[in-house]
Amino acid sequence: MNQPVIDLSPKVSDEIRKTTCYMCACRCGIDVHMKDGKVAYIEGNRDHPVNQGVLCAKGSAGIMQHNAPSRLTAPMKRTGPRGSGEFETITWDEAYDIATGILKPIRESAPEKLAFFTGRDQSQSFTSLWAQGFGTPNYAAHGGFCSVNMAAAGIYTMGGAFWEFGQPDWDRTKMVMIFGVAEDHDSNPIKMGLGKVKARGAKVYGVNPIRSGYNAIADEWVGITPGTDGLFILSMVHELFKAGKLDLDYLAQFTNAPVLVNGDEKSEDFGLLLRDKDNRLMVMDRATGKPAAFDAKGVKPDLAGSLRDAGISHRSVFQHMAEKYLDPQYAPEAVAERTGISADRIKRIAAELADVAFNQSIELDREWTDFRGHKHTKMVGRPVSFHAMRGISAHANGFQTCRALHVLQIILGSVETPGGMRFKPPYPKPPEAHPKPHYGVTPGQALDGPHLGFTHGPDDLCLKEDGTPARIDKAFTWENPMSSHGMMHMVISNAHAGNPYKIDTLFMYMANMSWNSSMNTRGVIEMLTDQDSDGNYVIPNIIYSDAYSSEMVAYADLILPDTTYLERHDCISLLDRPICEADAVADAIRWPVVEPDRDVKGFQSALCDLGGRLGLPGFVNEDGSQKYKDYADYITNHIRRPGVGPLAGFRGDGDDHGRGDSNPDQLDRYIENGGFWMEHVPEDAAFYKPWNMNYQDWAVKKSFFDKTMPYLFNLYVEPMRKFQLAAEGHGTRQPPEHLRERIKQTMDPLPIWYSNEDENKADEYPITALTQRPMAMYHSWGSQNAWLRQIHGHNPLYVPQKIWDDNNFKEGDWARVTSPHGEITVPVALQKALNDSTVWTWNAIGKRKGAWALEQDAPEATKGFLLNHLIHELLPPKGDGLRWANSDPITGQAAWFDLKVRISKAAPPAHNQSQPEVEAQNSPVGTGPSKLAWKVGK
């Protein structure tokens, strides 16, 4: 009877403060346990709509991020040469004086001389407003080198894509296919969803050259050859057309498949969609046999429709699709060798998709009314779903590949139907609902509109009167006409070259461009430090903001130190990158659960101060005084359009949601509610969102848009045809001669596949080298983290069995990896579940000596390495006298995953250190302690 009494749930805190995680882009709700005013423990918020209490290793390790020795401590100005790491601590007033002394003359004379680009921040609706007020056209965030292909392809095709825009119907789907999905993005919701799917016995396919993470738990792994996903997808489309396994009613009612296409090769409108005098798309009505507007009451669109009018023949988009995709070039037998997937397997997977979609369909007894006024008694679902991310996006054919995947799920009728892919509010939104890019510069005034957007033809390109690019990154030009997220990866090289023009100041936030976020790392370092014949830096001024002593800090002239995510206000806004789930709309905040113990300031608050000092429109009152004292003030009081602000919840008197006046107590209400606001989508509005008037009306009430805007999915993307027409010689705005053929070949309005192996010299470099993001790391942030470093302290190059055997590798060996651009020598490890022509490593583990407060002999700096040394922002010379960007020719997305290499066994380098060994840099915060420990509470 003398059993010991054990407290199985000891008290770990005296207070819990609920906020939003920032250890990756998932933005989960967290409970921060406090003891004596300090952070003691972090766990998931069980009430939060994103993660429902689930938290990954990154989120739990946030306490180490918050206490990292690499945190910057005060504003600094450079005192030694760029790259030396020699700085002098200054006050914030001094920092603002320096910044305004640089920026004010630029704004008054030539605002385009400022290039303002942000990295993985989550406040782009705010930073873009600041840049717009400044007047520069040169603004974007990191999407251009991340996943713009996925986002832009989805919005142009169907008004949204995956991740932030949409997700599988985890509760109802019977078959899931994931393509190129990394383990660090949206990780907790995906893990939760896959858990539901596996528990029900639904089948999961993982399509990825590498079997790790989610692919490791897939019921079937498809180890595809990198860059051929589009070919595999279109081969399945071929099989579905061939078998007649298409949702014809869905295609006729909700897509532009029945819309008529001009077939007159001599017409300036050849290939464009037929419209009536009110610009409404035209279809043939099966009921009358006559042309009609697509949205006319009672119209029954005819997929096989054709029309001869005024001497011009028109055929439906659907007929063009059948003609294209029944072509033998897409037959499984024709693509098997190239994709690495047997013809029989492709046929089997396509047949499984068809079986689940059409033989295992589901119905929900929910009434709804479509945009033609037709009342439906049921919601019919095709329970196959897809999810994809950067793995298929970061190729030069990525835009068309992403489009192909969207077309595949649309022809099955599995988008916005039960069991399929579902949009997350405030999406879907048609491309026409988004702004077009603006570039009108007037000294001393704001830009004439938003920087980024969606082009719909040559007239929307950002070109000066002489035809040269208006933007420093050359986004929205003939080189990359649909670059909706800008091209951040081209900014430094273009600025250094003075092409299309010279800039004065590079202003960046949380963008580690001198290390893991740039192609051609060594070259970028040289560009940042290069001087002209007079000894002046070619890029005259660099202002940089970061919370940590990253590799980029040493190259700045002025440092504005940011806070950690537990010390700041942030707004996860419907105006920006929302956190919603398919069944609910939600937004969230971060707030300072602890106050900084250093002289640092949230970057957005610093921009409020700078905006006031510079007199930027939107940041000053009529009397010229600063409008927002800090970012919290902006979040609470900014009005983007009548009744709409950064946060949708608790507006007006606290009871208005979606629309309403500013509420001075809004942030307090969010804190009381656990750091978020959420409202469920009405049941009768939960599916068929683009066409369901119940949803459309609700969306207007919630401020997603100001009027209902039902639309058709764009299987055929007409803006692409408009660019082709220009390349064929039509219209007044013409592309340069050297780009005509490329535009004609790549910008097909129906998805195609093309290879760029020749451009990457695949005959000499036959192996593809990839990176994967580990589940326990998020880019370079994580590998300074004392807990996460124990999971991924260094990274080998993983090699498949065939390459392992061909090179007689053994455990502990090293390899020399050579690309057309460079060479590295790194440790290798065997992975059998890997495509035979692929090698890979973890992303951003390798660190430069001296950065991140790590010791000089830290494993990240000795055995860690980057593939970035092998990649260039330009393709290898083709012998035509031109250098072509290593990017998708449509969107400009960086083609990270097109890297081709050859590999051979190498002797271990001196001191067993990965090569190249970049010289150590000095850090303004020095080296952290060898052991990181502290006591919280008694």
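Higher on the page you've got the structure.
Predicted, not measured: the structure shown is a model, and the values here were computed from it.

Tell me about the sheet that holds strand β23 (residues 505–509), and name the residues and values.
Across the sheet, seven strands lie side by side as β5-β4-β25-β24-β23-β6-β7; this open sheet has mixed pairing. Bordering the open sheet on either side are β5 (87–89) and β7 (139–140), each of which pairs with just one other strand. In the sheet, strand β4 (residues 76–78) pairs with β5 via three bridges, with the strands oriented antiparallel. By the bridge assignment, K77 is partnered in β5 with E88. In the packing of helix α3 (residues 92–109) onto the sheet, the strands contacted are β4, β6 (114–118), β23, β24 (541–546) and β25 (558–561), and the crossing angle to β25 comes to about 125 degrees.

Got a sec to walk through the packing of helix α8 (residues 229–243) against helix α14 (residues 398–411)? Specific residues and values, please.
At a minimum axis separation of 9 Å, α8 and α14 run at an interaxial angle of 25 degrees. Here α14 runs roughly parallel to α8, going by the angle between their axes. Between α8 and α14 the crossing geometry is left-handed. From α8, D229, G230, I233, L234, M236, V237, L240 and F241 reach across to α14, where they touch T401, A404, L405, L408 and I411. Here the contact of α8 with α14 is composed, by residue class, of ten nonpolar, two polar and one charged.

With reference to specific residues and values, describe unusual backbone geometry.
For the bond running from P425 to P426, omega is 15 degrees, close enough to zero to count as cis. The amide bond that connects N499 to the next residue, P500, takes the cis arrangement and shows omega of 20 degrees. Residue placement: P500 occurs in the loop between α15 (491–497) and β23. Phi at A844 takes a positive value of approximately 65 degrees, unusual for a residue other than glycine. Among the structural elements, A844 can be located in the loop between β33 (838–842) and α24 (859–862). We classify A844 as buried; its relative accessible area is 2%.

Break down the pairing of strand β2 (residues 29–35) for me, citing the residues and quoting the values.
Among the seven residues of β2, six are classified as buried, and the element is accordingly described as predominantly covered. Bridge analysis of strand β1 (residues 15–20) against β2 gives six bridges, and the strand direction is antiparallel. Looking at the pairing, T20 lines up with G29 of β2. Alignment of β2 against strand β3 (residues 38–44), held across six bridges, turns out to be antiparallel. Among the inter-strand pairings, D31 is bridged to a residue of β3, identified as E43. Hairpin connection from β2 to β3: two residues lie between these consecutive antiparallel strands, with D36 at a positive phi of about 50 degrees.

Which residues make up the sheet that holds strand β21 (residues 384–388), and what values go with them?
Sheets are built from strands paired through backbone hydrogen bonds, the pairs being either parallel or antiparallel. Strand order in the open sheet made by the four strands is β11-β10-β9-β21, with parallel pairing throughout. At either end of the open sheet lies a strand with only one pairing partner, and these are β11 (220–222) and β21. When the angles between neighbouring strand axes are averaged without regard to direction, this sheet yields 15 degrees. Where strand β10 (residues 203–207) meets β11, three bridges bridge the pair, whose relative direction is parallel. Counterpart to Y205 in the pairing with β11 is E220.

Can you tell me about the environment of V918, naming the residues and giving the values?
Tracing the backbone shows V918 in the segment after β34 (900–906). With a relative accessible area of 8%, V918 lands in the buried category. Between the alpha carbons of V918 and T477 there is a distance of 36 Å; along the sequence they are 441 residues apart. Not counting the four nearest positions on each side in its chain, V918 is found in contact with W515, R522, R848 and H869.

So, the packing of helix α4 (residues 124–134) against helix α17 (residues 603–614): which residues are in play, and what are the values?
At their nearest, the axes of α4 and α17 sit 11 Å apart, and the two run at 15 degrees to each other. Of the possible angle classes, the one that applies to α4 and α17 is roughly parallel. The way α4 lies across α17 gives a crossing that is left-handed. Residue-level inspection shows F126, T127, W130 and F134 of α4 in contact with α17, the latter providing F603, Q604, L607, C608, L610, G611 and L614. The residue inventory of the contact of α4 with α17, partitioned by class, reads eight nonpolar, three polar and no charged.

Definitions and limits used
Residues numbered from 1 in each chain as written. Predicted model: local features only at pLDDT ≥ 70, side-chain atom pairs only at ≥ 80, totals over all residues. Heavy atoms only, no water. Pairing = 2+ DSSP bridges. Helix = DSSP H or I, 4+ residues; strand = E, 2+ residues; numbered from the N terminus. Contact = heavy atoms within 4.5 Å. Axes fitted to C-alpha atoms, helices over the stretch in contact; angles between N-to-C directions. Parallel < 35°, antiparallel > 145°, perpendicular 65-115°, else oblique. Left-handed = near helix turned anticlockwise from the far one by under 90°. Nonpolar A, V, L, I, M, F, W, Y, C, P; charged D, E, K, R; others polar. Buried < 20%, exposed > 50% of the residue type's maximum accessible area, 1.4 Å probe, protein only.

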